[in-house]
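# Analysis of the macromolecular model
Listed below, chain by chain, are the residues.
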Amino acid sequence: MNRWHSDYHSPHRALSFEVTRSLYTEKSEYQEIEILETPEFGKVMLLDGVLMVTEKDEFVYHEMLAHPALFTHPKPARVLIIGGGDCGTLSRVLMHKGVDKLVQVELDEMVTRVSREYFPALTAACEDPLVELIFGDGIKYLRETQAKFDVILIDSTDPVGPAEGLFRRPFFADCKRVLNDDGILCLQSESPWIEDLRPVISEVNRDLHSLFPIVRAYSAAIQTYQAGFWLFQIASLAYDPCDQAVYERITEAGLKCSYYHANLHFSSFVLPAFVEKLLN
Ligand code: SAM
């Protein structure tokens, strides 16, 4: 009889799935990294027991974090990713031919090392010469860098431990300083179904509004993430993600995606009333 893993979304609810084999477990300086083999989702990565990546549905989150911002900006050349150690977001950014520099600042080198072994389809993109992998704290990097970027994507774990500061105003202010005058910041913003996370979603939205002229939230249906309904927030210094020009750029590019497309881009910004209430 195979064992089952429960990914707790709150003390009273979890997503449980059958496990056929544990392929890897190691504690890094920052977190426990596990790779499990499962009949339902293929190989999955857990960080401190929380589901991060699955072979079966990783495309949803990574396409929805990368493409909306990269099509909202008319010429995204320099892109920064904070977190993203599995390289799923990085591999989607490289689908945009105008990108000529991609820097990824991931706290935990072991996450990328383990992903190279178990998710090579995602990490293959790291070999591209325009990619620069930096292993360190994204908060410190943004505070200290003199580099400038067109798009910054925050692909972090939940707002606890070393990721907590990635959901705070001082960090967003540093992102704004590092962005070019028409830059865009986009971040994963948790699930509005999880009560404890609702204040975080509202505070992030409030803080982004205090720094950026255009702030919008959008959603994606991610069956393996908390409560299957995930939010992202995009903060832009110049371009509106819901402009008609974005529609043209998406259709013109004709990217081969498994979740994202032009109509979905626009419909993802239409949110349920209870979520709208969380946003300013
Ligand atoms: N897709 C996942 C999700 O939505 O939960 C996140 C993917 S990725 C594995 C998250 C990464 O954020 C982890 O590898 C973690 O090490 C990294 N991380 C957490 N805090 C960080 C920080 N302060 N600076 C840079 N990376 C950080």
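Residues numbered from 1 in each chain as written. Predicted model: local features only at pLDDT ≥ 70, side-chain atom pairs only at ≥ 80, totals over all residues. Heavy atoms only, no water.

## Focus on the packing of aromatic side chains
- Taken as a whole, this structure holds 11 aromatic pairs when the rule is applied.
- Taken together, a centroid distance of 5.1 Å and an interplanar angle of 10 degrees make the contact between Tyr218 and Phe232 stacked. Linking Tyr218 in strand S12 (residues 214-221) with Phe232 in strand S13 (residues 229-236), this pair joins segments that are 14 residues apart in sequence. By the burial criterion, Tyr218 is buried, and Phe232 matches it. (Phe/Tyr/Trp six-rings, centres within 6.5 Å; stacked < 30°, edge-to-face > 60°. Helix = DSSP H or I, 4+ residues; strand = E, 2+ residues; numbered from the N terminus. Buried < 20%, exposed > 50% of the residue type's maximum accessible area, 1.4 Å probe, protein only.)

## Quick look at the state of the cysteines
- Across all of its chains, the model carries zero disulfides by this definition.
- Among the cysteines around Cys257, which has no disulfide bond, Cys186 carries the closest sulfur, lying 15 Å off. (Disulfide = S-S within 2.5 Å.)

## Side note on the domain arrangement of the chain
- The domain architecture assigned to the chain consists of domain 1 (3-54) and domain 2 (58-279).
- Taking only C-alpha atoms into account, the centre of domain 1 sits 23 Å from that of domain 2.
- In this complex, domain 1 contributes 23 residues to the contact, which on the side of domain 2 involves 21 residues.
- Both faces considered, domain 1 and domain 2 share a buried interface measuring about 2,100 Å² in area, 69% of it formed by carbon and sulfur atoms.
- For the domain 1 face of the interface with domain 2, the top three residues by lost area are His9, Tyr30 and Val53, together amounting to 25%.
- Across the contact surface, domain 1 and domain 2 share zero salt bridges. (Domains from an automatic or database assignment. Contact = heavy atoms within 4.5 Å. Buried area = accessible area lost by both parts, 1.4 Å probe. Salt bridge = Lys/Arg side-chain N within 4 Å of Asp/Glu carboxyl O.)

## Quick word on the packing of helix H6 (residues 169-178) against helix H7 (residues 198-211)
- The N-to-C vectors of H6 and H7 enclose an angle of 35 degrees; their axes lie 10 Å apart at closest approach. The interaxial crossing formed by H6 with H7 has right-handed handedness. Listed contacts from H7 to Arg169, Phe172, Ala173 and Lys176 of H6 are Val204, Asp207, Leu208, Ser210 and Leu211.
- Of the residues belonging to the contact of H6 with H7, the class tally is five nonpolar, one polar and three charged. (Axes fitted to C-alpha atoms, helices over the stretch in contact; angles between N-to-C directions. Left-handed = near helix turned anticlockwise from the far one by under 90°. Nonpolar A, V, L, I, M, F, W, Y, C, P; charged D, E, K, R; others polar.)

## A look at the environment of Asn205
- Relative to the helices and strands, Asn205 resides in helix H7.
- C-alpha of Asn205 to C-alpha of Tyr8: the two residues are 197 residues apart in sequence and 25 Å apart in space.
- Setting aside its immediate chain neighbours within four residues, Asn205 contacts Val215, Gln233, Leu279 and Asn280.
- A polar contact is formed between the side chain of Asn205 and the side chain of Gln233, at a distance of 2.8 Å. (Polar contact = N/O pair within 3.5 Å; in protein donor to acceptor, adjacent residues only side chain to side chain.)

## Considerations on the sheet that holds strand S9 (residues 131-135)
- Sheet architecture is open: seven strands sit in the order S9-S8-S7-S10-S11-S13-S12, paired in mixed fashion. A strand with exactly one partner marks an edge of an open sheet, and here the two such strands are S9 and S12. Averaged over all adjacent pairs, the angle separating strand axes in this sheet is 15 degrees, with direction ignored.
- Two strands pair when backbone bridges link them, and strand S8 (residues 101-106) and S9 are joined in this way by five bridges, in the parallel orientation. (Pairing = 2+ DSSP bridges.)

## Description of the site of the ligand
- The environment of the ligand is formed by 24 residues, the closest being Glu106, Asp137, Gly138, Pro162 and Tyr225.
- In this structure, Glu106 approaches the ligand through a side-chain N or O atom, which is 2.6 Å from an oxygen atom.
- One nitrogen or oxygen atom from the side chain of Asp137 is found 2.9 Å from a nitrogen atom belonging to the ligand.
- Burial of the ligand by the protein amounts to 99% of the accessible area it has alone, namely 590 Å².
- Elements supplying a minimum of two residues to the shell around the ligand: strand S7 (78-83) and S8. (Near = heavy atom within 4 Å. Areas by Shrake-Rupley, 256 points an atom, 1.4 Å probe, with all protein chains shown as cover.)

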